[in-house]
Amino acid sequence: MQLFPCPFCGPRDEREFHFAGEIGKTRPDTTGEVSAEDWARYLNTQRNEKGRVREVWMHLTCSELFVMERDSVTMEVLSSTPLREDVE
Amino acid sequence: MTSHRITQGGLIDRSRPLRFSFDGKTYQGYEGDTLVSALLANGVRIMGRSFKYHRPRGPWGAWVDDPNAVFNVTLGGVEFPNCPGATTMLRDGMVTRSVNAFPSASFDLKGGLDLLHRWLGAGFYYKTFIWPDWHLFEPMIRRMAGLGAVSAEVIEGYASDQMHDRCEVLIVGGGAAGLAAARAAAESGRDVVLVEDHDQAGGRLYQLDSVEGQTPQDWVADQLAAIEAAGGRVMTRTTAFGVFDHRMVGLAQQGPFGYAPRLWRMRADRIVLASGAIDRPVTFANNDRPGVMSLDGACEWLARYGVLAGRNIAVLSNNSFAAPAARMLAEAGAEVTEIDPTTGPIRALGSKRLKGIEVAGKRHPADTILVSGGMTPLVHLWRHAGGKLDWDERTQAFLPGAAPEGMAAIGAANGTFDLDQALTEARAVARDEPRPDRAGDYRVKPLWPEPGSKGRQWIDFQHDVTLKDVELAARENYVSVEHLKRYTTLGMAQDQGKTSNMAGLAAMAAIQGRPIPEVGTTTFRPPFVPQPIALYSGPHAGQLYHPLKRLALEPLHRAADAALGEYGGWLRPGWYGSGDPAGHVRAEVIKARETAGILDASPLGKVEVMGPDAESFVNFIYYNTIKTLKPGHIRYGFMLTERGNVMDDGVIARLGPNRFVISCSSSHTDHVRAHLEAWRQDGNDPDRIFIHDLTQQWSTLTVTGPKARDIVAALDMPLDLSADAFPHMTLRETTLNGTPVRVARVSFTGDLSFEISIRSSRAADLWQALCAAGESVGAGPIGIEALSVLRAEKGFIIIGKDTEGETMPHDLGFGIPRQKKQAAFVGDRSLHMEVANRDDRRQLVGFRVDPGAPPLPTGAHLIGDGDTPRSEGYVTSSYDSPTLGHPIALGLLERGADRIGERVAVWHLGQRSSATVCAPCFFDPEGERLNA
Amino acid sequence: MRDDRHRWTPYDGAWSPYEVGGIAITPVTPERQILISAPAVLSRHPGAIGWPDIATGDSYAISLRRDRVLLVNGPDMAEGWDDEIGQAVSDVTDAYSVFDLTGPKALELLKHGTEIGLQQPSRSAARMLFGLGVFLYRHGAEDRFRLHVLRAQGQTAWQMLTGQAGRL
């Protein structure tokens, strides 16, 4: 069972967390033209990398959305930072 | 003389005799015996039957490496299935019987199956029972499959405690290396936990005369005392059964017999593996005969339990441990002949009773053959953690190679088989000092199965996999060890390959002419030894297996004779009254249509969105335009996923400029809250939007029906209820006897409805007041089942029941925001992708049946009438409507909106019927009653 | 359509204090629980209780999130969005059931429910215990633990805590 570090709460049991997606996706501005290809890429394209990955997770008990860097092979957690940049 | 118990020595307590029985005969053992050691002491050799051929089986090993002696054990009137005899400690009064044997292990009626072995090789049933139909054979095969049976009394009350703990250093195994390492680590100030699966630590030390100048007993006692004095913890009868992510080790701690083990989830900064090694069988003809046993096992039986395995012993060993073992057995009174197994073909002589052994044509009489094919380190946990294994020529074994983070192996588990080296290594590792190179006096000659050699040579004793089965698998191209395992079931017996895997993969290597390391091992998976499922479920059983959320008003519902059931994670009244559910539901529907129904709608979500950006946020979250919603008003809408699929529906009310209440579906509240939080923090300014889930602060009671206004008017609320002052889809905040309440005019039935929300601690007062007021007009409580009928009559959907994963709002008749809404919203672009524009989308429709026909089955397929019928949709809700007096149904149908009036064929479990497509709303389509 | 009423122990929210060797479990009824969310709300409640902090006195703030506290027995406050201070305020007095776990075995009981220890502090009192979302901290004494659990899960928490305490 993994221990994930919530940037606010500290290390907690993995059962308190929920995977929210790979980092790096920006929602296209849908008030303008968005091509079907761009939208499909936004919806469906996953890097699904082996090794070092950067992902968005939610700590369900405090609802913090944060960025976790981890190794998808060894399961080692490399870093964890708040999604918002103005806090520690 | 049949007793094999020697008069002194061992760890048993001869002053405490224990009586027990096996297959109907009574025996005596001692405190400290295992079931197997006690039976061996009484001269019992045959303790079970193999799985497939029902061949007689005696014990092979003295501990976790025995696949043969498996018993059902009754103690205190309760029978426990499949207890491993080699590791189950004897208790007074145990009644044991062999599994897979009838009437007894020594005389088994199915023993004749062995005569058919020529036709029952690996994969026989894959090949045999496919014609004419597997289902003909399945019942018989199912009866023959499996070992002991579970009785209901065992399951009742058999629950594991689960503990979470942590330590700096976890040492797995309390043999010489483990004890030395634990002491050294504890004395260096580390927080140490040592786990040992025997009752008494010490591993194989009791086979020795002395350890570092002390008797083994004294040395072990000294180490344990020192560990505990330094603050270390020692857990005996505890098996480390698996290493999981982030160095969490699963420990199963045995309690008294018959009690479920306790699970420890032990998080260790460092894991030191000192799990020891086991003896390998040697593959030769008839090597499965009772009396062919592990040499190391025999030494353990002697050293720990004072049991001498045989009187006339042939020791068949390829390694340097044979000499001291033979000496020990001889000193205990056995005749011992040491035999070199590398000189020629070997064959055991005799059948149920062993007569001797023949090697290279030379016969040696013996009543017992003790076998050692070399030591195999127990590296299971090393592999669980992702450690590498390297093949070592010197020891002819796979040894721990590159280590996983925070893990080290010592002693026999690391291939350091000699005591002095193991102690030096253990202490060095425990103190973080450089470890010595692997070395030692242990010598072993390569000795592996020889493909093509004569006789039936067992590789997996319990599952009856022989060398010929491995050869067959190779011929049929199951050459990968993982395929070999599944095709032959090699390694899938109770010992999970501890005795069979090395021989199996070595045989495959020899058949293919490849080196052993190239063939490799199968994957090591937890648990190291079998564990009951209760270990994993822990306290989450019975009502706590899938606990439901409980209503504040549950006592009042029970008092009103409510039938309670699960609805979306809550325990809710389905209907009121005992017996005849359908009759009660029907009566409640009629009551709601004629007077009024009172419904506990408390699980409805009440998620408040507040803050300066609340308006733009909910406008983004909803498919519908929300920003034009005025305070005091309510709007029905959908939340979509980013793929444009309907995620939830419900109403949203605006309480003020910066405050909204989202009333999501009862079963979706947790999901909706997380959905809102994710969008709040990703893509919005989280300092300007705040989300409070107040679902459980408020209880909500709905009064619905033509008399609803009269009932609500009877409450002491300063509120004008007239349709003009308080129209449909508005909300009022007022008080009831001084307590704040919210009253919403929304309807899920199609009739005039008031939803009244009040803090949960006051809900009982409201319920009683409504029921009292309702009684005078013939109204009363209704349950969820009646509501489901009422809403279906009106054509109102339940998300997830009347929609599926691909449903978009325009499939449900809500197409306007898709065309008109200018602002961005979740899922917007997806509503204009190719898939959203297809003209064969499944759309919501209603169905009528011919007069007198029964209701359509929910889930029935709507099929075309072509030569090859194809599902064009399905029935999602179906009821016999009490209001309308005929069956109604809702469903999703391709191009449904354009097919109103069309006849469609309905198929369900082979039965065909037909229905007419209609609009989904059956009741008051003009909405006169809704707006009353 | 299933009638499962007899499969579930009736629940009325009125639990009698439970005591077994080394641990007492007592329901507590705070007069008021108020949820406050706002940017930098923690700096306005500098003593907000996390784990394993010990709350003292009758009235205190619990730290739940970066931007949320729970005020226990604080002053009565107007609900909704407070434009002046810039905070969201909700009364949750009836949304949470509260239990005290007292005694030398209380911490061991908690360790049955999650990976927790006094040496592993957390800025937030919110966590999962036996699979239930709770707010957990100490109150008034070293070995007195207080937990808030959603009202609808109060019965589950009670059954789990007393059932496990009975096995310690």
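My aim in this report is to walk through the structure given alongside it, one point at a time. Bear in mind the structure is a predicted one, so any value in this text is a computation, not a measurement.

**Concerning the interface of chain A and chain C**
So, step 1. Taken together, the contact pairs 14 residues of chain A with 13 residues of chain C.
So, step 2. Summing both partners gives a buried area of about 1300 Å² for chain A against chain C, and 48% of it is carried by carbon and sulfur.
So, step 3. Looking at the side of chain A facing chain C, the largest losses of area belong to Phe 8, Arg 12 and Thr 61 of chain A, adding up to 42% of the total buried there.
So, step 4. At the boundary of chain A and chain C, one finds one salt bridge.
So, step 5. Put simply, Arg 66 of chain C and Glu 64 of chain A hold a salt bridge, and the shortest N to O gap is 2.6 Å.
So, step 6. Taken together, chain A and chain C are joined by ten residue pairs in polar contact (both at pLDDT 80 or more).

**Observations concerning the sheet that holds strand E21 (residues 368-372) of chain B**
All names here are of chain B.
So, step 1. Reading across the sheet, the four strands line up as E15-E21-E16-E17 and stay open at both edges, with parallel pairing between neighbours. Looking at which strands have only one partner, the edges of the open sheet turn out to be strand E15 (292-294) and strand E17 (335-339). Direction aside, the axes of adjacent strands within the sheet are offset by 25° on average.
So, step 2. The sheet contact formed by E15 and E21 spans three bridges and is parallel. Its bridge partner being in E21, Met 293 is matched across the sheet by Leu 370.
So, step 3. Against the sheet, helix H8 (residues 322-331) engages strand E16 (312-317), E17 and E21, with an angle of about 165° to E17.

**Brief notes about the side chain of Ser 98 of chain B**
Residue and element names in this part refer to chain B.
So, step 1. Residue position: Ser 98 is located in strand E7 (residues 94-98).
So, step 2. At 3.0 Å, the side chain of Ser 98 forms a polar contact with the side chain of Asp 23.
So, step 3. Separated by 3.4 Å, the side chain of Ser 98 and the backbone nitrogen of Ala 105 make a polar contact.
So, step 4. Here Ser 98 is in contact with Phe 22, Asp 23, Met 47, Gly 48, Val 70, Phe 71, Ser 104 and Ala 105, once residues within four sequence places are set aside.

**Looking at the interface of chain C and chain B**
So, step 1. Contact residues are listed per partner, giving 48 residues for chain C and 55 residues for chain B.
So, step 2. With both chains or domains summed, chain C and chain B bury close to 4700 Å², and 53% of this area falls on carbon and sulfur atoms.
So, step 3. Where chain C meets chain B, there are six salt bridges.
So, step 4. When the shortest N-O distance is used, the salt bridge between Arg 5 of chain C and Asp 561 of chain B registers 2.6 Å.
So, step 5. Joining chain C to chain B, the criterion identifies 33 residue pairs in polar contact (both at pLDDT 80 or more).
So, step 6. Mapped onto the side of chain C that touches chain B, the elements with two or more residues apiece are strand E3 (33-37), strand E7 (80-82), strand E8 (87-91), helix H2 (106-113) and helix H3 (154-165) of chain C.

**A short note on the packing of helix H5 (residues 176-187) of chain B against helix H6 (residues 216-229) of chain B**
Residue and element names in this part refer to chain B.
So, step 1. Viewed as axis vectors pointing N to C, H5 and H6 meet at an angle of 30°, and their least axial separation amounts to 9 Å. Classified by the angle their axes make, H5 and H6 are roughly parallel. The way H5 lies across H6 gives a crossing that is left-handed. Along its contact with H5, which presents Ala 176, Leu 179, Ala 180, Ala 182, Arg 183, Ala 186 and Glu 187, the element H6 presents Trp 219, Val 220, Asp 222, Gln 223, Leu 224, Ala 226 and Ile 227.
So, step 2. Its residues assigned to classes, the contact of H5 with H6 comprises ten nonpolar, one polar and three charged.

**What about H2 of chain C?**
So, step 1. Buried residues dominate H2 of chain C, accounting for seven of its eight residues.
So, step 2. For H2 of chain C, the complete set of buried residues consists of Ala 106, Leu 107, Leu 109, Leu 110, Lys 111, His 112 and Gly 113 of chain C.

**Here's the deal with a nonpolar patch on the surface**
So, step 1. Together, Phe 102, Phe 107 and Leu 109 of chain B make up a nonpolar patch on the protein surface, roughly 380 Å² of accessible area in all.
So, step 2. The class for Leu 109 of chain B is exposed, based on a relative accessible area of 58%.

**Here we look at the side chain of Gln 531 of chain B**
So, step 1. Among the secondary structure elements, Gln 531 of chain B is positioned in the loop between helix H14 (516-519) and helix H15 (533-537).
So, step 2. With residues up to four places along the chain from it excluded, the contact list for Gln 531 of chain B reads Thr 239, Phe 241, Ala 252, Pro 261 and Tyr 536 of chain B.

**Topic: the packing of aromatic side chains**
So, step 1. All chains considered together, the criterion is met by 33 aromatic pairs over all chains.
So, step 2. Judged by centre distance (5.9 Å) and plane angle (25°), the rings of Trp 15 of chain C and Trp 158 of chain C are stacked. You can see Trp 15 of chain C sitting in the segment before strand E1 (18-20) and its partner Trp 158 of chain C sitting in helix H3, a full 143 residues away along the chain. In this structure, Trp 15 of chain C and Trp 158 of chain C share a single accessibility class: buried.
So, step 3. Between Phe 99 of chain C and Trp 158 of chain C, the ring centres sit 5.4 Å apart and the planes meet at 45°, which makes this aromatic pair tilted. Taken together, the residues span a long stretch of sequence, with Phe 99 of chain C in strand E9 (residues 96-102) and Trp 158 of chain C in helix H3 at a distance of 59 residues. Like Trp 158 of chain C, Phe 99 of chain C is buried.
So, step 4. By the ring-pair criterion, three or more aromatic residues cluster together here, those being Phe 4, Phe 17, Phe 19, Trp 57 and Phe 66 of chain A.

What counts, and at which threshold
- Residues numbered from 1 in each chain as written.
- Chains lettered and ligands numbered in written order.
- Predicted model: local features only at pLDDT ≥ 70, side-chain atom pairs only at ≥ 80, totals over all residues.
- Heavy atoms only, no water.
- Contact = heavy atoms within 4.5 Å.
- Buried area = accessible area lost by both parts, 1.4 Å probe.
- Salt bridge = Lys/Arg side-chain N within 4 Å of Asp/Glu carboxyl O.
- Polar contact = N/O pair within 3.5 Å; in protein donor to acceptor, adjacent residues only side chain to side chain.
- Pairing = 2+ DSSP bridges.
- Helix = DSSP H or I, 4+ residues; strand = E, 2+ residues; numbered from the N terminus.
- Axes fitted to C-alpha atoms, helices over the stretch in contact; angles between N-to-C directions.
- Parallel < 35°, antiparallel > 145°, perpendicular 65-115°, else oblique.
- Left-handed = near helix turned anticlockwise from the far one by under 90°.
- Nonpolar A, V, L, I, M, F, W, Y, C, P; charged D, E, K, R; others polar.
- Buried < 20%, exposed > 50% of the residue type's maximum accessible area, 1.4 Å probe, protein only.
- Patch = residues over 30% accessible without salt bridge, like charges linked within 9 Å, V, L, I, M, F, W, Y side chains within 5 Å.
- Areas by Shrake-Rupley, 256 points an atom, 1.4 Å probe, with all protein chains shown as cover.
- Phe/Tyr/Trp six-rings, centres within 6.5 Å; stacked < 30°, edge-to-face > 60°.

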